[in-house]
Amino acid sequence: MSDSPFDVRPDAALGDLLRKHLTGSDVSLFRERMRRALADAHPATPWDQLARWARPGLIAAGLAAAVLGWLAVRSLDRAVVPDGGAVSVQVVVAGEQTAGDLLIAAVAEGR
């Protein structure tokens, strides 16, 4: 056997060592591991990358929408009237008056 690094013939000693250390006792398990490794190693397309980002992106967008909605509801607690004063707004959920009625009454009273 030639010691040239450009020799194309298989190296028997290296082949024996690889078979001994990589296959183990179950050859079918080794083949399945190699198939999974090859399937995972394929180069990702931009669509694959977008698919990986979709779920975290949707969760982040949902959280951002929830925070913005919470801030919007909190800002409704104090409504500003054109003359620079402030009007306290209360929303009655289970009652006869609606939020619009309360707002009109508060503005009409000059609060």
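Residues numbered from 1 in each chain as written. Predicted model: local features only at pLDDT ≥ 70, side-chain atom pairs only at ≥ 80, totals over all residues. Heavy atoms only, no water.

**Comments concerning the overall build of the protein**
At step 1: For the protein, the count of helices and strands is four helices and two strands.
At step 2: Considering the protein as a whole, with its 111 residues, one finds that 5% of them fall into the buried category.
At step 3: The contacts in the protein between residues at least 6 apart in sequence include a share of 9% that link residues at least 24 apart. (Helix = DSSP H or I, 4+ residues; strand = E, 2+ residues; numbered from the N terminus. Buried < 20%, exposed > 50% of the residue type's maximum accessible area, 1.4 Å probe, protein only. Contact = heavy atoms within 4.5 Å.)

**Points about the pattern of salt bridges**
At step 1: Overall, the coordinates contain one salt bridge when judged by the stated rule.
At step 2: The closest approach of N and O atoms between Glu32 and Arg36, which form a salt bridge, is 3.7 Å. With Glu32 and Arg36 both in helix α2 (residues 27–40), this residue pair falls four residues apart, about one helical turn.
At step 3: Residue classification places Arg36 among the partly exposed residues on the basis of a relative accessible area of 44%. (Salt bridge = Lys/Arg side-chain N within 4 Å of Asp/Glu carboxyl O.)

**Re helix α3 (residues 46–75)**
At step 1: In a regular helix each residue adds 1.5 Å, so 30 residues correspond to 44 Å; α3 covers 41 Å between its end C-alpha atoms and thus fits that length.
At step 2: Of all bends in α3, the biggest is about 40°, found at Ala54, and the proline Pro56 comes one to four residues later. (Expected span 1.5 Å × (residues − 1). Bend = angle between axes of the 7 residues up to and from the residue.)

**Considering a nonpolar patch on the surface**
At step 1: On the surface, a cluster of nonpolar side chains totalling about 420 Å² of accessible area is made up of Val67, Leu68, Trp70 and Leu71.
At step 2: Topologically, Leu68 is positioned in helix α3.
At step 3: Its relative accessible area of 57% is what places Leu68 among the exposed residues. (Patch = residues over 30% accessible without salt bridge, like charges linked within 9 Å, V, L, I, M, F, W, Y side chains within 5 Å. Areas by Shrake-Rupley, 256 points an atom, 1.4 Å probe, with all protein chains shown as cover.)

**Brief notes about the confidence of the model for the protein**
At step 1: On average, the protein scores 75 in pLDDT, and the residues at 70 or more come to 69%.
At step 2: Put simply, strand β2 (residues 86–88) is where the protein has its lowest mean pLDDT, 55, and α3 is where it has its highest, 89. (pLDDT = per-residue confidence, 0-100.)

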